[in-house]
Amino acid sequence: MDPKTAAMIAAGFTMGIGAIGPAIGIGNLVGKALEGIARQPEAAGQIQTAMFIGIAFAEAIALYALVVAFLLIFVA
Amino acid sequence: MHVLEHFYLETIVPIEVFGIDISITNLTVSMFAAAALFLTLFILLALKPKVIPGKRQAVIEMLLTFIKRNLVYNMIGKKEGERWIPLIGGIFVFVLANNMIGLIPGTYTPTLNPIVPVTLALIVFFIVQVTNIRKHGIRGLLRTLAPAAVPSWMYVIVAPIEVISMIAKPFSLFVRLMANMLAGHTIILVLYGLILYFKSYYLAIPIVPFALIMNLFEIFVSAIQAYIFAVLSAMYIGEAVKPKH
């Protein structure tokens, strides 16, 4: 197996496994935010703001995996 | 890989100054177009300000209230926040304009080239460090490496982690912005490339609506990423400005 093929397979595994954690994290986050809004609908604005910031943090980890996959495909 | 040709830079007008290449590329043209578009939009909206705002002026006032209340005062506090409104507002509108200009077919998104988000993240990094030193001195900079609720023998372990997090925060700002824009546009280009790869136009019937939906999602992602960049820079500046133990 030459290095190019191995790099392609590795890129597939990187993005596949690297998307599991952030997906679970974002799901938990939005679920808790929905519970919070259901308990106190007046605080919906603040809860939504905090939820978006949390989603950005969790999604950044998935994007690190995406950058590694791009590096594997195009540079190695 | 010729589908991803949209991501390459092409020089339009070569200018060279003392051996440094500052030619006009399609990135520069896109950035100028985004700036000109938003500049004319804002000037037209805020043309004749009255005390009781009409419909056009209300849009600009909504934008400014959003920047002041949600972005700056929430994160930095009312007293200190006054002087940071131009910077955070500028970062927000700049990133928003540069993200949105890529949605017009045929243009280049400036924020997906690594240079543009790296520059913004470096600006935020230097501003946070310099503000920290100006407000609390060099001792203050060392004090951020030692949070209050840690017993003194653990400083050996905690301090390197704090140094790494000090570098990782602007780095994550840069990677988040660049990778979000890159991923969105790559999906759309790969979808269109599928039609070219299989060399049949019947494939366009399912693919074009899907690419349309991805474009609409890209509008949402552009706005969210601009907001997240501005909010996180305001949060880091707010951490540096708050008085420490």
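Values in this document were obtained by computation on a predicted structure and should not be read as measured data.

Conventions used here
- Residues numbered from 1 in each chain as written.
- Chains lettered and ligands numbered in written order.
- Predicted model: local features only at pLDDT ≥ 70, side-chain atom pairs only at ≥ 80, totals over all residues.
- Helix = DSSP H or I, 4+ residues; strand = E, 2+ residues; numbered from the N terminus.
- Rg over C-alpha atoms; globule rule 2.2 N^0.38 Å.
- Buried ≥ 20, exposed ≤ 12 C-beta atoms within 10 Å, placed from the backbone.
- Contact = placed C-beta atoms within 7 Å.
- Axes fitted to C-alpha atoms, helices over the stretch in contact; angles between N-to-C directions.
- Parallel < 35°, antiparallel > 145°, perpendicular 65-115°, else oblique.
- Nonpolar A, V, L, I, M, F, W, Y, C, P; charged D, E, K, R; others polar.
- pLDDT = per-residue confidence, 0-100.
- Expected span 1.5 Å × (residues − 1).

J.: Just checking my understanding: could you explain the overall build of chain A for this structure?
T.: Within chain A, the secondary structure is distributed over three helices and zero strands. Listing every helix and strand of chain A by position from the N terminus yields α-α-α. Since a compact globule built from 76 residues should have a radius of gyration of about 11 Å, the 18 Å found for chain A marks it as more spread out than a globular shape. By its C-alpha atoms, chain A is 60 × 15 × 10 Å across when sized along the principal axes. Counting every position in chain A, which comprises 76 residues, the buried fraction comes to 12%.

J.: Just to check I follow, could you spell out the overall build of chain B for this structure?
T.: Helix and strand content of chain B: seven helices and four strands. Along chain B, helices (α) and strands (β) appear in the sequence β-β-β-β-α-α-α-α-α-α-α when read from the amino end. With respect to the three principal axes, the spread of C-alpha positions in chain B is 70 × 55 × 45 Å. Out of the 245 residues in chain B, the part that is buried amounts to 26%. Summarising the internal contacts of chain B: among those between residues at least 6 apart in sequence, 60% fall at separations of at least 24.

J.: What is the right way to look at the packing of helix α6 (residues 155-198) of chain B against helix α7 (residues 204-241) of chain B in this model?
T.: Axes are the key here: two packed helices are described by the angle between their axes and the distance separating the axes. All names here are of chain B. As a packed pair, α6 and α7 sit with axes 10 Å apart at the nearest point and diverge in direction by 175 degrees. In terms of their interaxial angle, α6 and α7 are classed as roughly antiparallel. Each of K169, L173, L177, N180, G184, I187, I188, L191, Y192, L194 and I195 in α6 lies in contact with α7, whose residues at this interface are A204, I207, F210, A211, M214, N215, E218, V221, Q225, F229, L232 and Y236. When its residues are assigned to classes, the contact of α6 with α7 shows 17 nonpolar, four polar and two charged.

J.: Where do I start with the confidence of the model for chain B in this structure?
T.: For residues with low pLDDT, the predicted coordinates do not support detailed interpretation. Residue and element names in this part refer to chain B. Residues at a pLDDT of 70 or more form 92% of chain B, whose mean pLDDT is 86. Mean pLDDT values for the elements of chain B range from 77 in strand β2 (residues 16-17) up to 94 in helix α4 (residues 85-100). Taken over the whole predicted complex, pTM reads 0.87, whereas the ipTM for its chain interfaces reads 0.79.

J.: For this particular structure, what's the right way to read helix α2 (residues 55-76) of chain B?
T.: Quick reminder: α-helices carry 3.6 residues per turn. Residues three or four places apart thus point the same way. Residue and element names in this part refer to chain B. Given a rise of 1.5 Å per residue, 22 residues ought to cover 32 Å, and the 30 Å separating the end C-alpha atoms of α2 matches this to within 8%. Buried within α2 are the following residues: I67, L71, V72, M75 and I76. Buried residues along α2 sit against α3 (78-81), α4 and α7. Among the residues trailing α2, G77 stands out with phi positive, at a value near 100 degrees.

J.: Please clarify how the interface of chain B and chain A should be interpreted in this entry.
T.: Where the parts come together, the accessible area they lose is often given as the size of the interface. Contacts between the two partners involve ten residues from chain B and, on the opposite side, nine residues from chain A. Broken down by secondary-structure element, the contributors of at least two residues to the side of chain B that touches chain A are α6 and α7 of chain B. When residues of the side of chain B that touches chain A are assigned to their parent elements, the largest contribution, six residues, is made by α6(B). Across the side of chain B that touches chain A, the residue classes break down as six nonpolar, three polar and one charged.

J.: Whenever I open this one, the environment of A56(A) confuses me. Can you help?
T.: All names here are of chain A. Tracing the chain through its elements places A56 in helix α3 (residues 44-74). By C-beta crowding, A56 is classed as buried, having 21 other C-beta atoms within 10 Å. Between the alpha carbons of A56 and I26 there is a distance of 9.2 Å; along the sequence they are 30 residues apart.

J.: Any chance you could explain the environment of I20(B) here in plain terms?
T.: All names here are of chain B. Note on placement: I20 falls in strand β3 (residues 20-21). When the 7 C-beta atoms within 10 Å are taken as the criterion, I20 is described as exposed. Considered as a pair, I20 and I43 are 23 residues apart in the sequence and their alpha carbons are 34 Å apart.

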